[in-house]
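Coordinate inspection notes
Here are the chains, one letter per residue:
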Amino acid sequence: MASSLSLPVLFLLCITSHGFEIKEATIDGIHQAFKEGQLTSRQLVEYYLDRIRVLNPLLHAVIEVNPDALEQADRADSERRTAQRPLGGLHGIPILLKDIIATKDRLNTTAGSLALLGSLVPHDAGVVHRLRQKGAVILGKASLSEWCNFRSFTAPSAWSARGGQGRNPYVLNANPCGSSSGSAIAAAADLAAVTLGSETDGSIICPAAKNSVVGIKPTVGLTSRSGVIPISPRQDTIGPICRTVSDAVHVLDAIVGYDPRDADATRDASRYVPSGGYGQFLRVGGLEGKRLGILRKGFFDKYPEGSLHALTFNQHFITMREKGAILVDDLEIANASTILDYKDNGEELILPTEFKQSLNDYLSELLYSPVRSLADVIDFNNKHKTEERVDEIGQPIFLVAENTNGIGSVEQETIARMGELSMQGLEKLMEEEKLDAIVTPGASVVRVLAIGGYPGISVPAGYGGDGVPFGICFAGLKGSEPTLIELAYAFEQATNVRVPPTFISSVTTMADA
Ligand SMILES: *[C@@H]1O[C@H](CO)[C@@H](O)[C@H](O)[C@H]1NC(C)=O
Ligand SMILES: CC(=O)N[C@H]1CO[C@H](CO)[C@@H](O)[C@@H]1O
């Protein structure tokens, strides 16, 4: 594959003069290197900017880099030299944000669409406010499936008018999955220390699995959605996508909590935030004594017996047992076929209604914007048919959404039924079987989590015969992040599945030469 590419030959600094290897550095490793004077935040930012320059023309994981990132790094470096007090948990750590997460700086926030280019946001998103408080360096905006894949179901995954076609760094012509594609690709290809994505229905779990990285989809409301281009306030959640469970947990710790601009949801969920934070649950013995529900029908049984996927998952079940977990096998969620169907579960009816309302709210709060409503966005696309590929993929979901008239009695009944499906489904199963979590392959469980507002963590599980990564997902009831983190971390430490994309390392080795 490499021979068909013409990449700029460029020296990539991988090791600082003090001997710290920046490549694939973890937050803990970076903090240690900062402390020992082996690394500066500037060196880190320069390393990622270099990698983005070399690899992004191929991977299309990043839409914009922050023109102020180096200055922020310098400020972090000088604060560290003179600090009298402990610094924030992400101090000097470069983070890439999905392009729906607003930053009030020189970066644009556009959901990958040309329609929002040049719009001015009134505030940093709630999660960005927290990231800055914790000292993070905002490295830039990650690409995504445009409008979080909510414009047309035939739109190519990981494509946006602004970002181009995102690519899977393991197998370039394989689907990287979306909609937080750029965040997952960037984490996988070491284009940033850590990243943030978002999920309405699968958008963290799926790309994390396909790019062999860790994705945490938090309980809805655990992280603020203020200043984030929305689909559904009932389902949207912001979470980390990183190379390790530990990094993802450090980022989660930085972004959770109450936000007056997303008051109801974040107040309600803030009771789930454990005192002392989530880091305490990074326990190697985290599988010990846990009851795990294995969903077979419609989940693991999709992989034929003897297939590489099936063999790999079975090996993982053996490992989980060896590490002390109790596997309750062959479980089913009641009404699973209804819950897993976008139409039958009610999402097809509700999401367009919620999207129109919440997008119009978002657009109306912008200080300046070329578009002020969903209707304006539809017009914009019709006027920019070529760049927005309108003849090819259309904008049918936008058109359906524009025709909705708010939450009426039918919508209320549908939302109530989603609640019943969740109560009779995951809630009942967890209670009856006294489970700590359920375990599912890839992104197969995301609709269960979507309509219930439940959390899940995807951890790398293996690589198919074609080299495309796959993941395993630990999921549970609202607020169960502490348990899910224990499971995910113990599983990751026991299996150590993730390897960096080899193709990328060959490209950068070429570049090193
Ligand atoms: C934001 O978009 C404007 C075009 O409206 C562009 O000039 C500017 O460079 C973009 N910002 C960044 C940081 O790329
Ligand atoms: C909410 C819902 O549709 N629940 C159904 C789940 O399945 C049982 C048994 O098939 C039905 O009785 C419920 O109505």
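With an unreviewed UniProt entry as reference, the chain is termed Amidase domain-containing protein, source organism Dioscorea zingiberensis.

**Considering the confidence of the model for the chain**
Across the chain, pLDDT averages 95, with 95% of residues at or above 70. Predicted confidence in the chain is weakest over helix α19 (residues 502-512), with a mean pLDDT of 55, and strongest over strand β7 (residues 214-217), with 99. In this model, residues 1-11 is a region of pLDDT below 50 whose contacts with residues beyond four sequence positions or in other chains number 20 contacts. Below pLDDT 50 for its whole length, residues 509-513 participates in ten contacts with residues either more than four positions away or in separate chains.

**What about the site of ligand 2?**
The environment of ligand 2 is formed by N335, R417, E420, L421 and Q424. In the environment of ligand 2, a nitrogen atom lies 2.8 Å from a nitrogen or oxygen atom belonging to the side chain of Q424. A total of 360 Å² of accessible area belongs to ligand 2 in isolation, and the protein chains cover 44% of it. A class-by-class count of the residues in the shell around ligand 2 yields one nonpolar, two polar and two charged.

**Quick notes on helix α9 (residues 263-270)**
Among the residues of α9, those classed as buried are A263, T266 and A269. All buried residues of α9 lie within an arc of 155° about the axis, which places them on one face of the element.

**Details of the site of ligand 1**
Taken together, E64, V65, P67, R106, N108, L117 and G118 are the residues near ligand 1. Between ligand 1 and E64 there is a distance of 3.3 Å, counted from an oxygen atom to a side-chain nitrogen or oxygen. At 3.2 Å, a backbone N or O of R106 approaches a nitrogen atom of ligand 1. In isolation ligand 1 exposes 360 Å². Once the protein is present, 51% of that is buried. Partitioning the shell around ligand 1 into residue classes produces three nonpolar, two polar and two charged.

**Let's talk about the sheet that holds β7**
Within a beta sheet, neighbouring strands are joined by backbone hydrogen bonds and run either parallel or antiparallel to one another. Here we have eleven strands laid out as an open sheet, ordered β1-β3-β2-β6-β8-β7-β12-β13-β11-β9-β10, and mixed in their pairing. Edge positions in the sheet fall to β1 (62-65) and β10 (326-331), since each has one partner strand and no second. Adjacent strand axes in the sheet meet at a mean angle of 25° when their direction is disregarded. Here three bridges tie strand β2 (residues 94-98) to strand β6 (residues 194-199), and the two strands are oriented parallel to one another.

**Comments concerning the pairing of β10**
As paired elements, strand β9 (residues 291-295) and β10 share four bridges and run parallel to each other. Looking at β10, one finds that L292 is bridged to L327.

**Focus: the UniProt feature "domain: Amidase" (unreviewed entry) in the chain**
Under the UniProt annotation, "domain: Amidase" (unreviewed entry) lies at residues 44-443. Annotated as residues 44-443, this span is 39% helix and 13% strand, and its ends, taken at the C-alpha atoms, are 32 Å apart.

**Some points on the state of the cysteines**
Applying the stated criterion across every chain, the model contains one disulfide. Paired by a disulfide, C177 and C206 hold their sulfur atoms 2.0 Å apart. Judged by the torsion about the S-S bond (105°), the C177/C206 disulfide is right-handed. Here C206 lies in helix α7 (residues 205-210) and C177 lies in the loop between β5 (164-165) and α6 (181-188), a separation of 29 residues in the sequence.

**A word on the packing of aromatic side chains**
Going through the model one piece at a time under the given rule, you end up with eleven aromatic pairs. Their ring planes at 80° and their centres at 5.5 Å tell us that W147 and F398 sit as a pair that is edge-to-face. Linking W147 in helix α5 (residues 146-149) with F398 in helix α15 (residues 396-402), this pair joins segments that are 251 residues apart in sequence. In terms of burial, W147 and F398 fall into one category: buried. Cluster of aromatic residues (ring-pair linked, three or more members): F300, Y303, F313, F317 and F470. Over the face of the ring belonging to F34 we find R80, whose NZ or CZ atom lies 3.6 Å from the ring centre. The side chain of R389 reaches across the aromatic face of W159, ending 4.7 Å from its centre.

**Describing helix α8 (residues 245-255)**
Counted residue by residue, α8 has nine buried out of eleven residues, so it is predominantly covered. When we look at burial in α8, the residues that qualify are V245, S246, D247, A248, V249, V251, L252, A254 and I255. Phi turns positive, to about 125°, at G257, one or two residues after α8.

**A short note on a nonpolar patch on the surface**
On the surface, L120, L367 and Y368 cluster together to form a nonpolar patch covering roughly 310 Å² of accessible area. Secondary-structure assignment places L120 in the loop between β2 and α4 (126-133).

**Digging into the nonpolar core**
Residues I101, L196, M320, I472 and F474 are the most contacted members of the largest nonpolar core, which totals 117 residues. For this core, the element with the highest residue contribution is helix α2 (residues 41-59), accounting for ten residues. Those residues in contact with M320 that sit more than four places away from it in its chain are L287, L292, A325, L327, V439, I472, F474 and F491. L295, I333, Y454 and C473 belong to the second largest nonpolar core, which has 24 residues in total.

The rules we used
Residues numbered from 1 in each chain as written. Chains lettered and ligands numbered in written order. Predicted model: local features only at pLDDT ≥ 70, side-chain atom pairs only at ≥ 80, totals over all residues. Heavy atoms only, no water. pLDDT = per-residue confidence, 0-100. Helix = DSSP H or I, 4+ residues; strand = E, 2+ residues; numbered from the N terminus. Contact = heavy atoms within 4.5 Å. Near = heavy atom within 4 Å. Polar contact = N/O pair within 3.5 Å; in protein donor to acceptor, adjacent residues only side chain to side chain. Areas by Shrake-Rupley, 256 points an atom, 1.4 Å probe, with all protein chains shown as cover. Nonpolar A, V, L, I, M, F, W, Y, C, P; charged D, E, K, R; others polar. Buried < 20%, exposed > 50% of the residue type's maximum accessible area, 1.4 Å probe, protein only. Arc of directions from axis to C-beta. Pairing = 2+ DSSP bridges. Axes fitted to C-alpha atoms, helices over the stretch in contact; angles between N-to-C directions. UniProt positions renumbered as here; feature names shortened; annotations may be inferred. Disulfide = S-S within 2.5 Å. Phe/Tyr/Trp six-rings, centres within 6.5 Å; stacked < 30°, edge-to-face > 60°. Lys NZ or Arg CZ within 6 Å of the ring centre and 35° of its normal. Patch = residues over 30% accessible without salt bridge, like charges linked within 9 Å, V, L, I, M, F, W, Y side chains within 5 Å. Salt bridge = Lys/Arg side-chain N within 4 Å of Asp/Glu carboxyl O. Core = buried A, V, L, I, M, F, W, Y, C linked by side-chain atoms within 4.5 Å.

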